[in-house]
Amino acid sequence: MHEVNGRISGTKNPDLVATRTYAVSPFPEDAGKVVYFGGYDAKLHAVVSSSGQARWVYDLPNEVRASSPAVDANGVVYLGCYDGNLYAINADGTKKRTY
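Residues numbered from 1 in each chain as written. Predicted model: local features only at pLDDT ≥ 70, side-chain atom pairs only at ≥ 80, totals over all residues. Heavy atoms only, no water.

Visitor: Could you give an account of the pattern of salt bridges, with specific residues and numbers?
Guide: Taken as a whole and assessed by the stated rule, the structure comprises two salt bridges. The closest approach of N and O atoms between aspartate 59 and lysine 43, which form a salt bridge, is 2.7 Å. On the criterion of sequence distance, the pair formed by aspartate 59 in strand β6 (residues 54–59) and lysine 43 in strand β5 (residues 43–48) is long-range, its members being 16 residues apart. In this structure lysine 43 comes out as partly exposed when scored by relative accessible area, which is 28%. Residue arginine 65 is joined to glutamate 63 by a salt bridge in which the shortest nitrogen-to-oxygen separation is 2.4 Å. (Salt bridge = Lys/Arg side-chain N within 4 Å of Asp/Glu carboxyl O. Helix = DSSP H or I, 4+ residues; strand = E, 2+ residues; numbered from the N terminus. Buried < 20%, exposed > 50% of the residue type's maximum accessible area, 1.4 Å probe, protein only.)

And the structure:
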């Protein structure tokens, strides 16, 4: 997947529109092959890399500017938000904790 003219190519989900810049997780090796990214849309997206289908979307209180998602061994996704907090989101898209 990559951005082409504001749209994310290689995806079957027309709702995935790159309005500005997204911070993307490293390419997954195992863990269901999911790519995580957040951006100025104030959402954390989980997309299946092989199909481009959205697995889930987590609404954040503010945009993501300079934070790339990190995933731990348990599948928890960590992402900094422009509100000054670090969010820990479970692999199923539910909030685990805010730091």
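There is more to say, and it comes next.
Visitor: Outline the environment of alanine 42, listing residues and values.
Guide: Along the chain, alanine 42 falls in the loop between β4 (34–39) and β5. Once the C-alpha coordinates of alanine 42 and leucine 60 are considered, the two residues, 18 residues apart in sequence, prove to be 5.2 Å apart. Look past the residues within four positions of alanine 42 in its chain and what remains in contact with it is Tyr58, Asp59, Leu60, Asn62 and Glu63. (Contact = heavy atoms within 4.5 Å.)

Visitor: Kindly report on the nonpolar core, identifying the contributing residues and their values.
Guide: Formed by 13 residues in total, the largest nonpolar core has its most connected members in Tyr36, Leu44, Trp56, Tyr58, Leu60 and Ile89. Those elements that provide at least two residues to this core are β4, β5, β6, β8 (77–80) and β9 (86–89). (Core = buried A, V, L, I, M, F, W, Y, C linked by side-chain atoms within 4.5 Å.)

Visitor: Summarise the packing of aromatic side chains; cite the residues concerned and give the values.
Guide: Applying the stated criterion across every chain yields a total of one aromatic pair. Relative to tryptophan 56, the ring of tyrosine 36 has its centre 5.9 Å away and its plane inclined at 40 degrees; by these criteria the two rings are tilted. You can see tyrosine 36 sitting in strand β4 and its partner tryptophan 56 sitting in strand β6, a full 20 residues away along the chain. Using a relative accessible area of 9% as the deciding quantity, one classes tryptophan 56 as buried. Over the ring of tyrosine 82 we find arginine 65, and its NZ or CZ is 4.0 Å from the ring centre. (Phe/Tyr/Trp six-rings, centres within 6.5 Å; stacked < 30°, edge-to-face > 60°. Lys NZ or Arg CZ within 6 Å of the ring centre and 35° of its normal.)

Visitor: I'd love a proper account of the pairing of β5, names of residues and values included.
Guide: Taking burial as the measure, the six residues of β5 include five buried ones, the bulk of the element. Relative to β5, β4 runs antiparallel, the two being bridged by five bridges. Each bridged residue has a counterpart across the sheet, and for glycine 38 the counterpart in β5 is leucine 44. Two successive antiparallel strands, β4 and β5, enclose a turn made up of three residues, where alanine 42 displays a positive phi of approximately 60 degrees. Bridge count for β5 against β6 is five bridges, and the pairing is antiparallel. Within the sheet, the bridge partner assigned to alanine 46 lies in β6 and is tryptophan 56. Hairpin connection of β5 to β6: five residues between the antiparallel strands, including glycine 52 at a positive phi of 80 degrees. (Pairing = 2+ DSSP bridges.)

Visitor: So what's going on with unusual backbone geometry? Which residues, and what values?
Guide: Negative phi values dominate among residues other than glycine, just as trans dominates among peptide bonds. You will see that alanine 42, though not glycine, has its phi angle at about 60 degrees, which is positive. With relative accessibility at 17%, the residue alanine 42 sits in the buried group.

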